[in-house]
Amino acid sequence: MSEKAENPPQKNSPQENPPQVWRNVRLATLAPGLPGLGVVERGALAIRDGRIAFAGAEAELPGAALAGAEIVDGEGRWITPGLIDCHTHLVWAGDRAHEFELRLAGASYEEVARAGGGIVSSVAALRAASEDDLVRQTLPRLDALLAEGVTTVEVKSGYGLDLASERKALRAARRLAQERPVAIRTTFLGAHALPPEAGGDKDAFIAEVADAMLPALAAEGLIDAVDAFCEGIAFSPDQVARVFARAGSLGLPVKLHADQLSNLGGAALAARHNALSADHLEHTDEAGAAAMAANGTVAVLLPGAYYFIRETKLPPVALFRRHGVRIAVATDANPGTSPLTSLLLAMNMAATLFRLTVDECLAGTTREAARALGILSETGTLEAGKRADLAVWSIERPAELVYRMGFNPLHARIRGTR
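From a predicted model like this one, the values you see are computed outputs, not experimental measurements.

K.L.:
How should I be thinking about the state of the cysteines in this particular structure?
P.N.:
Here, disulfide denotes a covalent bond that connects the sulfur atoms of two cysteines. Taken as a whole and judged by the stated rule, the model has zero disulfides. Here Cys230 is not cross-linked by a disulfide; its sulfur's nearest cysteine counterpart is in Cys86, at 19 Å. On the basis of relative accessible area, Cys230 is assigned to the buried category, the value being 1%. Of all cysteine sulfurs, the one in Cys86 lies closest to Cys361, which takes part in no disulfide; the gap is 13 Å. With a relative accessible area of 0%, Cys361 lands in the buried category.

Shown next as structure tokens:
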């Protein structure tokens, strides 16, 4: 499905994708084995049955790719893989603007949480909302991402914190893919915070998450991955390990909110459980970085949260580079600590605040973001056989996607539906 950037998002169409060939384009393929962004200056890209049939030099475009295809003159535009937002909490109700005011007055993240704000305030709002309410409130946030070339979005639960409400949130997330041409990956984040009714008993709540919520929601097919928040104000490494052990027994991959506010060894814990990713990571040490590298766990950096809560400790990007840890970038879209629905701005922030390069930012929102979701075999690069999730940009060089703020040069967004 192809749509011009200025057109409103449409629901997924049941019709077959017509074959299409883009000529006179420049490609940032992000393909393995090619240097940098895998650039092809005089390129062509062919789409058939919702898949990439060819991506390479136009001089090498096979004649068979042209048969029955719509030919599109790209007029020298750039094509990249569709962007992937690999860490969001996109389904929520209400807002937490008052907490923003509290933080401006000097309250810390921990102080807001301990005063009854934070995640728990979003829990009350989500529990009071219907599934339809959640879909309705979430669609404008999703539309903002799609308007910038995003074709895949990960959506976490974690604002329900009981079985019925977590189910409701995950069902609402799944419905987004019926309302818009986008791939949605759902992550169960039951171990996000302690609900008020738990009476302060974290161990009992973790038992409920691991032994009741997780198996039930997995049996209903609502979970693609399992996440947890490992932090002093959330859950201990041992409590997280219990959730991860149950996820492993159910054949579900795991991810972890790790080392955001302190170093509890979250990065190493994630690696021990072969996590797809560890996210935030401001306080990760060298042992954690080495463990992530050894186990192929992706570091997902979230500059929106770093900026919004006015964090001062930078994630150890130099350690990640030294050890060869793959780096992804995401919005962390959520109501309390990163109300950000622009992946383009997240890239600029990652470059400006964390000193990522242009290549790292673009790889981090395409290839490495796909790796962080366990879907690199399907999307994230421009390679024959992969789903035709593409973004077409009116730019002169890829650096513009990272350099400019408040500017959206998207010309077209193409979402393969097979």
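Picking up where we left off.
K.L.:
I'm lost on helix H5 (residues 163-179) in this one. Help?
P.N.:
Every α-helix carries 3.6 residues per turn, so stepping three or four residues along brings you back to the same face. The terminal C-alpha atoms of H5, which comprises 17 residues, lie 25 Å apart, in line with the 24 Å expected from a rise of 1.5 Å per residue. What H5 keeps buried is the set Ser165, Glu166, Lys168, Ala169, Leu170, Ala172, Ala173, Leu176 and Glu179.

K.L.:
Which parts of the structure should I look at to understand the pairing of strand E13 (residues 298-301)?
P.N.:
Within a regular beta strand, the side chains point alternately toward one face of the sheet and then the other, so they alternate between its two faces. By the alternation rule, side chains of E13 split into Val298 and Val300 and Ala299 and Leu301, which are all buried. In this sheet, E13 lies alongside strand E12 (residues 277-280) in parallel orientation, the contact comprising three bridges. What sits directly across from Ala278, in E13, is Ala299. Between the parallel elements E12 and E13, the chain passes through helix H9 (residues 286-295) in a crossover that is right-handed. As defined by bridge partners, E13 adjoins strand E14 (residues 327-329) across three bridges and the pair is classed as parallel. Within E14, the residue paired with Ala299 across the bridge is Ile327.

K.L.:
Even after reading the chapter, I still don't get the confidence of the model for the protein chain, so can you show me in this structure?
P.N.:
Any residue range with low pLDDT should be treated as having predicted coordinates unsuitable for detailed reading. Averaged over the protein chain, the pLDDT score is 94; the fraction of residues at 70 or greater is 95%. Here residues 6-15 is modelled with pLDDT under 50, and outside its nearest four sequence neighbours on either side it reaches 21 contacts, counting other chains as well.

K.L.:
Honestly, the environment of Ala69 in this entry has me stumped. Any pointers?
P.N.:
Mapped onto the elements, Ala69 comes out in the loop between strand E4 (51-57) and strand E5 (70-73). Judged by relative accessible area, which is 15%, Ala69 ranks as buried. When the C-alpha atoms of Ala69 and Trp22 are compared, they prove to be 9.8 Å apart, with 47 residues separating the residues in sequence. With near-sequence residues (within four places) excluded, Ala69 lies in contact with Pro19, Gln20, Val21 and Arg48.

K.L.:
What should I look at first to understand unusual backbone geometry in this one?
P.N.:
Leaving glycine out, the prevailing phi sign among residues is negative, and the prevailing peptide bond configuration is trans. Even without being a glycine, Asp49 presents a positive backbone phi close to 55 degrees. Following the sequence through the fold, Asp49 ends up in the loop between strand E3 (39-48) and E4. Here Asp49 falls in the partly exposed class, since its relative accessible area comes to 36%. One non-glycine residue with positive phi stands out, namely Leu281, at about 75 degrees. Its place among the elements puts Leu281 in the loop between E12 and H9.

K.L.:
In this structure, what is going on with the UniProt feature "binding site: N-formimidoyl-L-glutamate" (unreviewed entry) in the protein chain? I would like to understand it.
P.N.:
What UniProt calls "binding site: N-formimidoyl-L-glutamate" (unreviewed entry) maps, in this numbering, to Tyr159, Asn334 and Gly336. The largest pairwise C-alpha distance within this set of annotated residues, which runs over 178 residues, is 11.5 Å, so the set is compact in three dimensions. Position of Tyr159 among the secondary structure elements: in the loop between strand E8 (150-156) and H5. With relative accessibility at 2%, the residue Tyr159 sits in the buried group. What Tyr159 contacts, discounting residues up to four positions off in sequence, is His89, Val91, Trp92, Arg96, Ile119, Ser122, Val123, Leu126, Glu166, His192, Asn334 and Pro335. Along the chain, Asn334 turns up in the loop between E14 and helix H12 (343-354).

K.L.:
For this particular structure, what's the right way to read the domain arrangement of the protein chain?
P.N.:
Buried accessible area, meaning the area lost when the parts come together, often serves as the stated size of an interface. By the assigned domains, the protein chain splits into domain 1 (20-81 + 382-415) and domain 2 (83-373). A separation of 30 Å is found between the C-alpha centroids of domain 1 and domain 2. On the domain 2 side, the residues contacting the 22 residues of domain 1 number 23 residues. Carbon and sulfur atoms make up 63% of the surface buried where domain 1 meets domain 2, a total of about 1800 Å² over both sides. Of all residues in domain 1, Leu30, Val402 and Arg413 give up the largest surface area on contact with domain 2, accounting jointly for 34% of the area buried on that side. Taken together, domain 1 and domain 2 are joined by seven residue pairs in polar contact (both at pLDDT 80 or more). When residues of the side of domain 1 that touches domain 2 are traced back to their parent elements, those giving at least two are strand E15 (390-393), helix H15 (400-403) and strand E16 (410-414). Its residues assigned to classes, the side of domain 1 that touches domain 2 comprises 16 nonpolar, two polar and four charged.

K.L.:
Just to check I follow, could you spell out the sheet that holds E14 for this structure?
P.N.:
What holds strands together in a sheet is hydrogen bonding between their backbones, with the strands either parallel or antiparallel. Reading across the sheet, the eight strands line up as E7-E8-E9-E10-E11-E12-E13-E14 and stay open at both edges, with parallel pairing between neighbours. Lying at the two open borders of the sheet, with one neighbouring strand each, are strand E7 (83-85) and E14. Strand-to-strand twist across the sheet, computed as the mean angle between neighbouring axes with direction ignored, equals 25 degrees. Strand direction decides the pairing type here: E8 and strand E9 (residues 183-191), joined by five bridges, are parallel. Each bridged residue has a counterpart across the sheet, and for Val153 the counterpart in E9 is Ile184. In the packing of H12 onto the sheet, the strands contacted are E7, E8, E13 and E14, and the crossing angle to E7 comes to about 80 degrees.

Conventions and cut-offs
- Residues numbered from 1 in each chain as written.
- Predicted model: local features only at pLDDT ≥ 70, side-chain atom pairs only at ≥ 80, totals over all residues.
- Heavy atoms only, no water.
- Disulfide = S-S within 2.5 Å.
- Buried < 20%, exposed > 50% of the residue type's maximum accessible area, 1.4 Å probe, protein only.
- Helix = DSSP H or I, 4+ residues; strand = E, 2+ residues; numbered from the N terminus.
- Expected span 1.5 Å × (residues − 1).
- Pairing = 2+ DSSP bridges.
- Right-handed = clockwise from strand over helix to strand, strands pointing away.
- pLDDT = per-residue confidence, 0-100.
- Contact = heavy atoms within 4.5 Å.
- UniProt positions renumbered as here; feature names shortened; annotations may be inferred.
- Domains from an automatic or database assignment.
- Buried area = accessible area lost by both parts, 1.4 Å probe.
- Polar contact = N/O pair within 3.5 Å; in protein donor to acceptor, adjacent residues only side chain to side chain.
- Nonpolar A, V, L, I, M, F, W, Y, C, P; charged D, E, K, R; others polar.
- Axes fitted to C-alpha atoms, helices over the stretch in contact; angles between N-to-C directions.

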